[in-house]
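Listed here are the chains, written in short residue letters.
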Amino acid sequence: MGSKNSGSERGFETRIVQAGRRKALTGRYVNPPVHRASTILFDSYAELREGVANIFDTLFYGRLGTPTQWSLGEAMAELEGGAGAWLYPSGMGAITSSLLSLLKTGDHLLMVDTVYEPTRKFCQGLLQRMGIETTFYDPALGGDIDELFGENTRLVFVESPGSLTMEIQDMPAIAEVAHARGAYVIADNTWATPLFFNPLAHGADISVHAATKYIVGHSDAMLGVAIANERCWNKLRAASLSLGQIAGPDDAYLGQRGLRTLAPRLKTHQKSGLKVARWLVGHPLVHRVLHPALEDAPGHKIWRRDFSGASGLFSVVLSGGKLENIGSMVDHMEHFAMGFSWGGYESLILPVDPAETRTAVPWVAPGPLLRLQIGLEDTDDLIADLDAGLARFQKTTGR
Ligand SMILES: Cc1ncc(COP(=O)(O)O)c(C=O)c1O
């Protein structure tokens, strides 16, 4: 699924619009039709034999995809400069399949401490049961990660920025060490999307996305994508096929439809997110705003060096009060809804305690943390909503 198109001089936003829309895949339609299929028919025994010999390059069987899935796979591989891309029914499908494609019993994995919690649980659960040992590492480690390598360290997993606490990692420094040690690098690029960061160009071997977020962009489908370089592509697609991983054509269709408007949506998320973040910086009940584009954010200099933008997800640490009282704020918001996702057009607020999911670097903060997804609404409405919510919460702090 999804070999890359040849390189081109086109601007990136032109490529977002055009990638994967070959006539052989989409026909004369702008968007690829939704080809729903399990069974694909052959006209002759010779054609069937030919298919068996080239399963990845012919219409063969539904689990290998149809032109609907191939079109999005090609687009993602082109946009991140990979040898190919595979689609999954969720971001977690992309993450777990990528890990399983490169790891075996007896291997050691270096996993960033600020990783998305279900990825952490996968390491502590299934991978541990398979005899794969995980060490969680400080996201601030760049090249010093070398000290954590052992004889059997096979893989480093990077998520930049970190889940909830938004630390940007020095991926080129980490990848240099990992490759010198003969190890692989997988990067979760969900936050930046192909528009704002290219993991493969910064040393990753596989880039994974919860396309559920900004790529689908409308909170109505689950979808994962993994893009691999030449070194890992055959391993990734063989493992993904064996694991029975494939996104359905309807979800792949929604993913490619969302992809085409990624750039203008993300630019608005970025602009509005920064406006709200800067407003929060000046609020008396705010201890710290964790937004990679703010100067004092962890890893900000690396963000400036390696990323070309910031999406609409960031966190705010309050200067006091208790998480158990946060309902006074979040239960009565007018525009921010509460939910465990992000990346759609709507604004979301999520109170969380990062301390529960940190083992390498303890999380210490004077007050609760709120993760905010800034959607496409009017920022004045969002700011007024936060202002009123913080005033309600302040009453519970006795200040
Ligand atoms: C950074 C990150 N990676 C991966 C995932 C998993 O994606 P999905 O929910 O599509 O399985 C999420 C979901 O929230 C996420 O935030």
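Per chain, residue numbering runs from 1 following the sequence as it is written. Selection of residues for local features in this predicted model requires a pLDDT of at least 70, selection of side-chain atom pairs for listing and counting requires 80 or more, and totals for whole chains, interfaces and linings are taken over all residues.

Asker: I keep staring at the site of the ligand and nothing clicks. Help me out?
Answerer: Around the ligand sit Ser90, Gly91, Met92, Tyr116, Ser163, Asp188, Thr190, Ala210, Thr212, Met222, Gly224 and Ser341, and that is every residue in its neighbourhood. Classification convention: Asp, Glu, Lys, Arg as charged; Ala, Val, Leu, Ile, Met, Phe, Trp, Tyr, Cys, Pro as nonpolar; all other residues, Gly among them, as polar. Here the shell around the ligand is composed, by residue class, of four nonpolar, seven polar and one charged. Near, for a residue, is defined by distance from a backbone-placed C-beta atom to a molecule or strand, with 6 Å as the limit that must not be exceeded.

Asker: What is the right way to read the pairing of strand S11 (residues 369-373) from this model?
Answerer: Walk down a regular strand and you will see the side chains alternate between the two sheet faces. Counting buried positions over the five residues of S11 gives five, a clear majority of the element. Only strands joined by at least two bridges in the DSSP assignment are considered to pair. By definition, any uninterrupted DSSP run of H or I lasting at least four residues is a helix, any uninterrupted run of E lasting at least two residues is a strand, and each is numbered from the N terminus. Here five bridges tie strand S9 (residues 313-318) to S11, and the two strands are oriented antiparallel to one another. Within the sheet, the bridge partner assigned to Val317 lies in S11 and is Leu369. Two strands pair when backbone bridges link them, and strand S10 (residues 348-352) and S11 are joined in this way by five bridges, in the antiparallel orientation. Its bridge partner lying in S11, Pro351 is registered against Leu370. The exposure label follows from counting other C-beta atoms within 10 Å of a residue's C-beta, where the C-beta atoms are placed from the backbone and the thresholds are 20 or more for buried and 12 or fewer for exposed, leaving partly exposed in between.

Asker: What should I look at first to understand the domain arrangement of the chain in this one?
Answerer: Note: interface size is frequently given as the accessible area lost on complex formation between the parts. Domain delimitation follows an automatic or database domain assignment. Entries for the chain in the domain assignment read domain 1 (12-259) and domain 2 (262-397). If you average the C-alpha positions of domain 1 and of domain 2, the two centres end up 28 Å apart. Of the residues lining the interface, 34 residues belong to domain 1; the matching set on domain 2 comes to 38 residues. Breaking the side of domain 1 that touches domain 2 down by element, the ones donating at least two residues are helix H1 (12-18), helix H6 (117-129), strand S3 (133-137), helix H8 (193-196) and helix H10 (249-259). Top contributing element to the side of domain 1 that touches domain 2 by residue count: H8, with three residues. Counted by class, the side of domain 1 that touches domain 2 contains 17 nonpolar, nine polar and eight charged residues. Each residue is represented by a C-beta atom placed from its backbone, and any two residues with such atoms within 7 Å are regarded as in contact.

Asker: When you look at the nonpolar core in this model, what are you seeing that I'm missing?
Answerer: In terms of nonpolar packing, the biggest core is built from 107 residues, with Val156, Val185, Ile186 and Ala226 touching the most fellow members. There are two domains that each give this core at least three residues, and those are domain 1 (12-259) and domain 2 (262-397). Excluding residues within four positions of it along the chain, Ala226 makes contact with Ala85, Trp86, Ala94, Ser97, Ser98, Ile206, Val208 and Leu236. Definition of nonpolar core: a set of buried Ala, Val, Leu, Ile, Met, Phe, Trp, Tyr and Cys residues joined via C-beta atoms within 7 Å.

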